[in-house]
Amino acid sequence: MRAWCLFVVLYLVVVVSISNATIFGSVRGVVHDSQHRPIPDVEVTLKAKDSAFTLTTQTDVNGDFHFDAVPVAEYVISASKADFATSEQAVTVLSGTAPILHFELPLASQTQSVTVSAEAAPGQTESITPTTLVNREQIEQTPGAFRTNSLALITDYVPGSYFTHDQLHIRGGHQVSWLIDGVPIPNTNIASNLGPQIDPKDIDTVEVQRGSYAADYGDRTYGIFNVAPRTGFERNNEAELVLSAGNFYQTDDQLNFGGHNNRFAYYGSVSGNRTNLGLQTPTSAVIHDAANGVGGFTSLIYNVDSEDQLRLVAQIRRDYYQVPFDPNDPNTEGTFLHDVNRETDSFVTLSWVRTFSPGLMLTVSPFYHFNRADYESSPTDLPSSATEKRSSKYEGGQAVISWVKDRNNLRAGIYGFAQQDDQLFGLIFNDNSAPNLNPPDVENPVGNLVAVYAEDQLRATSWLTLNAGLRQTHFSGGVVENATSPRVGASVRIPKLNWVFRGFYGHFYQAPPLLTASGPLLQFVTNQNLGFVPLHGERDEEHQFGVTIPFRGWTLDADNFLTRANNFFDHNNLNNSDIFFPVTIQGARINGWELTLRSPRLRNRAQLYLTYSNQLALGFGNINGGLTDFSFGDGFGLLDHDQRNTLHLGGQYTLPWHSYASTDVYYASGFTNGDPAIPGDHLQPHTTFDLTIGKNFGERFSASVQGINVANRRVLLDNSFTFGGTHFLNPREILVQVRYRFHY
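Because the structure is predicted, anything quoted here is derived from the model rather than measured.

A. Main features of the pairing of strand β21 (residues 360-376). Of all 17 residues that make up β21, twelve are buried, and the element is covered over most of its length. In terms of strand pairing, strand β20 (residues 340-357) meets β21 through 15 bridges, oriented antiparallel. Each bridged residue has a counterpart across the sheet, and for Asn341 the counterpart in β21 is Tyr375. Counted between consecutive antiparallel strands, the loop separating β20 from β21 contains two residues, among which Gly359 sits at a positive phi close to 95°.

If you want it as structure tokens, here you go:
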């Protein structure tokens with residue numbers, strides 16, 4: 001089996017005719033004069049707003065220009081030629097898109113003015129997928145977002161996303177995909193990982209997609225995070241030292257460095273963090289909640305020639321978490337404050353980007369990912385002491401080709417990986433209520449996944465775009481499954497108003513974890529009047545409709561979605577412990593509508609945002625995969641992370657004396673009430689206020705003060721049995737951060 005898996009991986013990294021997801025888009029356009037006659041030999045320059053990344057080309061005899069391998073970000077494109085006035089436009093590039101720009105160059109004798117579009121056109125007009133872009137400046141200024149374990153860069157800006165029982169949820173589900181430089185980093189485990197996939201301080205731009213995915217993206221329905229890492233293009237042999245300190249003895253520090261020339265760009269960082277407030281608190285007090293971690297990250301880009309580029313991204317992290325609990329909770333009676341979770345995560349991706357001709361581009365990307373999580377409890381815990389150690393290795397690859405020609409944006413692809421897991425599980429009953437699972441049970445399951453796809457985006461007219469794709473997935477592990485996932489969509493742009501309406505229908509398949517039970521573990525489960533049912537993949541059906549409305553630099557985006565899931569992935573604890581196993585629920589139905597509002601720069605001093613989500617997350621039926629007691633559900637019931645209304649309102653403000661402020665107000669209507677003794681379907685609503693005030697002291701030194709939950713609002717957030725049992729809103733956190741930049 002393993003030899004066959006490795007053969008598949010080798011095949012994936014050499015195949016040159018098929019592809020998967022990408023971090024790139026294309027930009028194309030035409031340059032003409034005031035009589036709409038094409039102008040050849042115009043110099044067209046594309047420059048990133050936040051770095052020195054630059055591409056230059058010239059128009060052909062038809063006045064056309066084309067840029068390939070353009071990373072996801074915001075850009076300014078200028079067109080210039082002698083005897084003509086220069087023209088500029090701003091554009092937002094999303095992955096897999098190919099926006100078309102039109103430049104009109106008047107004669108210099110007619111006007112010497114430069115035409116500038118100050119705000120980038122909303123990238124959403126080029127895609128049927130609701131997408132949010134968060135850049136490095138927003139991450140640095142958003143309260144708390146720069147911290148290693150923070151996900152504020154997502155929860156503050158993406159509707160329907162929130163953090164509860166120490167895991168990110170989006171659109172009612174846990175399962176999300178992280179892509180680094182366009183390469184998916186597989187992780188099939190949802191129940192044991194708490195550490196970060198990537199440190200926010202190493203991110204240049206993150207593209208968040210939620211639903212309506214093209215066929216070239218993976219199968220985790222609830223969210224895709226496509227990270228463009230820092231590359232060194234914003235540096236010139238420059239380093240930055242970031243130091244922070246705050247209450248709860250917390251610090252989050254990093255030394256990063258980078259630089260570039262015409263052919264090579266490099267970026268690297270080392271970081272360390274620690275705190276006494278690591279996981280969400282199970283009580284209003286902070287007890288046994290320390291966490292610390294160290295990590296290193298690097299990104300290298302080398303332009304071999306005008307047609308070939310090599311890109312390498314690598315990371316290694318180690319994290320440690322104490323597990324808190326409520327000593328007065330009857331569910332944790334007899335438990336000692338000794339439980340800890342130790343995690344290790346590392347990955348490396350290598351991409352070869354080949355441009356054959358304008359519009360035709362190939363990317364081949366082998367990758368490796370290692371993930372480990374070890375949970376240890378006190379050997380004297382009552383009623384039992386549990387130990388779990390799990391590690392997963394993933395070797396895989398993808399090959400990417402895209403062809404942008406005339407009205408078509410065509411992609412086709414393959415993606416796959418082989419996975420080997422090592423699982424150890426032990427349980428000692430200190431109350432002698434059952435036989436011990438000691439020595440611990442050891443399992444070594446293996447599996448593999450291969451997915452192929454084809455997708456085309458047809459620009460039928462200037463106002464109508466059609467999308468159609470098909471994804472075929474084969475999974476082999478504890479079960480063997482095949483899934484066919486068709487996806488279709490369309491967008492209609494209303495002329496003059498530039499409103500864009502879009503619709504989508506699609507199917508998704510998500511492969512299951514490799515969790516298995518046999519031998520002593522299966523016998524133990526049977527003795528506990530439990531059973532182990534093999535985990536099958538989740539299969540989802542999604543309907544989505546949306547509209548994007550630009551108006552004088554403001555952008556309003558609204559979506560309505562419905563997701564029906566079979567074998568919905570969740571997790572459950574075993575024997576009253578903090579050891580969690582993935583399970584599948586027979587069915588789930590999640591629907592809602594979302595709203596995002598972004599402003600332009602107001603008087604060049606402020607930029608505001610608003611996100612709102614109203615959703616309903618329902619589960620149906622029994623647990624039909626993983627560890628189960630075979631009890632059946634009775635109709636639909638609320639999932640434990642159901643929350644009807646969430647709202648974020650905030651912005652960044654430029655103040656006098658080279659200073660700034662950033663705010664976020666968060667309102668949530670409360671999660672499902674898991675305690676039948678407390679009346680009402682949901683827990684109480686809650687509101688928090690976060691604030692950052694910062695100042696630049698020249699070009700090298702800056703400082704900021706950040707307050708999280710400034711009003712110190714403490715309410716019961718979640719009472720489902722997860723890490724530490726119940727969870728309260730974290731108390732007020734105050735942090736001071738300084739940054740020092742220097743050349744070397």
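B. Quick peek at the side chain of Ser161. By secondary structure assignment, the location of Ser161 is in strand β9 (residues 161-164). By relative accessible area, which is 2% here, Ser161 ends up buried. A distance of 2.6 Å separates a polar side-chain atom of Ser161 from the backbone oxygen of Val158. Among all residues touching Ser161, those that are not within four sequence positions of it are Ile154, Thr155, His169 and Ile170.

C. Representation of the pairing of strand β2 (residues 43-48) within the structure. Pairing between β2 and strand β3 (residues 54-58): five bridges, direction antiparallel. When the bridges of β3 are listed, Glu43 appears paired with Gln58. The hairpin turn running from β2 into β3, its antiparallel successor, is five residues long. As paired elements, β2 and strand β5 (residues 73-80) share six bridges and run antiparallel to each other. For Lys47, the partnering residue across the bridge sits in β5 and is Val76.

D. Here's a closer look at the packing of aromatic side chains. If you walk through the whole model with that rule in mind, you get 18 aromatic pairs. Plain terms: the ring middles of Trp178 and Phe225 are 4.8 Å apart, the flat faces sit at 55° to each other, and that makes the pair tilted. Of this pair, Trp178 sits in strand β11 (residues 177-180) while Phe225 sits in strand β14 (residues 224-229), and the two are 47 residues apart along the sequence. An angle of 25° between the planes, with centres 5.9 Å apart, marks the rings of Phe367 and Tyr415 as stacked. Residue Phe367 is located in strand β21, and its partner Tyr415 is located in strand β23 (residues 408-429); the two are separated by 48 residues in the primary sequence. In this structure Tyr415 comes out as buried when scored by relative accessible area, which is 7%. A network of ring pairs unites the aromatic residues Phe367, Tyr394, Tyr415 and Phe417 as a single cluster. Its guanidinium or amino end placed over the ring of Phe561, Arg171 lies 4.0 Å from that ring's centre, counting from NZ or CZ.

E. Fine view of the sheet that holds β14. Ordered by their spatial adjacency, five strands build an open sheet running β8-β13-β14-β11-β12, and the pairing between neighbours is mixed. Each edge of the sheet is formed by a strand with only one pairing partner; in this case those strands are β8 (131-135) and β12 (183-184). Where β11 and β14 come together, four bridges link them in parallel fashion. Looking at β14, one finds that Ile180 is bridged to Val227.

F. Main features of a nonpolar patch on the surface. A cluster of nonpolar side chains, namely Leu241, Leu243, Leu255, Val270, Phe697, Phe701 and Tyr740, defines an oily patch on the protein surface of about 570 Å² accessible area. Looking at where Phe697 falls in the secondary structure, it is placed in strand β37 (residues 686-697).

G. Main features of the environment of Asn566. You can see Asn566 is positioned in strand β31 (residues 554-573). Along the chain, Asn566 and Asn135 lie 431 residues apart, while their C-alpha atoms are 35 Å from each other. Other than its neighbours up to four places away in sequence, Asn566 contacts Gly537, Glu538, Arg539, Asp540, Gln586 and Gly587.

H. How the structure looks around the environment of Ser613. Take Ser613: it is sitting in strand β33 (residues 606-628). Classification of Ser613 as buried rests on a relative accessible area of 2%. Those residues in contact with Ser613 that lie beyond four places of it in its chain are Pro159, Gly160, Trp593, Glu594, Arg644, Asn645 and Thr646.

About the cut-offs
Residues numbered from 1 in each chain as written. Predicted model: local features only at pLDDT ≥ 70, side-chain atom pairs only at ≥ 80, totals over all residues. Heavy atoms only, no water. Buried < 20%, exposed > 50% of the residue type's maximum accessible area, 1.4 Å probe, protein only. Helix = DSSP H or I, 4+ residues; strand = E, 2+ residues; numbered from the N terminus. Pairing = 2+ DSSP bridges. Polar contact = N/O pair within 3.5 Å; in protein donor to acceptor, adjacent residues only side chain to side chain. Contact = heavy atoms within 4.5 Å. Phe/Tyr/Trp six-rings, centres within 6.5 Å; stacked < 30°, edge-to-face > 60°. Lys NZ or Arg CZ within 6 Å of the ring centre and 35° of its normal. Patch = residues over 30% accessible without salt bridge, like charges linked within 9 Å, V, L, I, M, F, W, Y side chains within 5 Å. Areas by Shrake-Rupley, 256 points an atom, 1.4 Å probe, with all protein chains shown as cover. Salt bridge = Lys/Arg side-chain N within 4 Å of Asp/Glu carboxyl O.

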